[in-house]
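# Survey of secondary and tertiary structure
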Amino acid sequence: MSADGKIAGPDRTQVSISSDEDKARAKGLRRKYDAILVGVGTVLADDPHLTLKDLDYDTNPIRIVLDPHGRTPDDALVLDERAPTIMVTLEDCDREWDCEETLRTGKDSIDLEAMLEELAEMGVENVLVEGGGRTIASFFEAGLVDRYTVFVGGLVIGGSGSPTPCDGDGWAAPGGVRMSLKDCEVLGNGALLTFEPAR
Ligand SMILES: NC(=O)c1ccc[n+]([C@@H]2O[C@H](COP(=O)([O-])OP(=O)(O)OC[C@H]3O[C@@H](n4cnc5c(N)ncnc54)[C@H](OP(=O)(O)O)[C@@H]3O)[C@@H](O)[C@H]2O)c1
């Protein structure tokens, strides 16, 4: 995120925030996970590949998209041949995609706990949630965050409507999720902060 806590511009378009050192760190992080997950908002705004260029279909982490209402277009890059993709949608959404697997879970909202259980049965033991803000918020709301790492870069974006790392409805005071700072590292023109939920 930027120094003022934004993850994209006021028009929701992508902004380069990471230093070179953080870009290398983020690539290394992807290699450690069985799967990388984003919400459909990020697919529509950024059209990301979510792959590592030097890996292929068999070695890249699985890509997961939370898309309750089936809005991911067939030509989205996240559905290309560079890695397997699991689409996650609501029970009554009948949209089909040309992908490895489609999970249908939850009536009004995706049941994240049920999804993680199904993924574990498929051999996915850890998931890197890359965004956007509404998706990260839903994992915090469900109490399913083990670790939260955020790079704070030397850039101010501004805009009260610019997305932040944890959008959604928020928690009324004195609510919120208490976190313990576990690490703080300077990475070029910014800092990487690692938090874990306070127990
Ligand atoms: N700087 C960064 O590192 C970074 C990384 C990623 C994204 N971004 C930015 O973030 C912005 C997109 O964020 P966003 O919050 O709009 O989108 P998002 O979190 O990617 O996707 C949100 C949508 O995903 C679905 N969704 C997420 N969690 C769900 C759940 N638990 N149950 C049911 N549906 C769920 C909903 O779809 P429906 O609306 O269909 O209900 C929701 O509106 C873009 O501007 C992008 O550039 C920045």
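An account of the accompanying structure is given in this report. Here the residue numbering is sequential within each chain, running from 1 through the sequence in written order. Per-residue local features are limited, in this predicted model, to residues with pLDDT of at least 70; the limit for side-chain atom pairs, both in listing and counting, is 80 or more; totals at the level of whole chains, interfaces and linings are taken over all residues. For side-chain calculations, the full set of non-hydrogen atoms in the structure is used, while hydrogens and water are omitted.

## Let's talk about the environment of Ser-19
Using the following cut-off: The helix and strand labels rest on DSSP assignments: H or I over at least four residues marks a helix, E over at least two residues marks a strand, and numbering proceeds from the N terminus. Each residue gets one of three labels from its accessible area relative to the maximum for its type: buried under 20%, exposed over 50%, partly exposed in between, using a 1.4 Å probe on protein chains only.
Mapped onto the secondary structure, Ser-19 falls in the segment before helix H1 (20-31). What makes Ser-19 buried here is its relative accessible area of 12%. The spacing of Ser-19 and Ala-114 is 95 residues in sequence and 36 Å in space, taken between C-alpha atoms.

## Here we look at the site of the ligand
The cut-off we apply is this: Only a single heavy atom is needed: when it lies within 4 Å of a molecule or strand, its residue is near that molecule or strand. Within 3.5 Å is the distance limit for a polar contact, defined as a pair of N or O atoms, with the added protein rule that one can donate a hydrogen and the other accept it, and that residues adjacent in sequence qualify only through two side-chain atoms. Accessible surface area values rest on a Shrake-Rupley calculation with a 1.4 Å probe, where residue burial reflects the displayed protein chains alone. Residues are grouped as follows: Ala, Val, Leu, Ile, Met, Phe, Trp, Tyr, Cys and Pro are nonpolar; Asp, Glu, Lys and Arg are charged; all remaining types, including Gly, are polar.
Taken together, 24 residues lie near the ligand, and Arg-12, Thr-42, Asp-46, Gly-132 and Thr-135 sit nearest. Arg-71 places a polar side-chain atom, nitrogen or oxygen, 2.9 Å from an oxygen atom of the ligand. Calculation on the ligand without its partners gives an accessible area of 930 Å², and the protein chains cover 83% of this total. Of all the secondary structure elements, the ones that give two or more residues to the shell around the ligand are helix H2 (40-46), strand E5 (127-131) and helix H4 (133-141). Broken down by element, the shell around the ligand gets its largest block of residues, 5 residues, from H2. Looking at the shell around the ligand residue by residue, the classes come out as 9 nonpolar, 10 polar and 5 charged.

## Quick look at unusual backbone geometry
Along the chain, Gly-131 connects to Gly-132 via a cis peptide bond; the corresponding omega equals -10°. Cis geometry marks the peptide bond from Ala-173 to Pro-174, where omega comes out at 5°. For Pro-174, the position within the fold is in the loop between strand E6 (148-153) and strand E7 (179-186). Unlike most non-glycine residues, Arg-12 shows phi in positive territory, near 70°. Looking at the secondary structure, you find Arg-12 in the segment before H1. Judged by relative accessible area, which is 37%, Arg-12 ranks as partly exposed. For Leu-50, which is not glycine, the phi dihedral falls at a positive 60°. Following the sequence through the fold, Leu-50 ends up in the loop between H2 and strand E2 (62-66). On the accessibility criterion, Leu-50 (4% relative accessible area) is buried.

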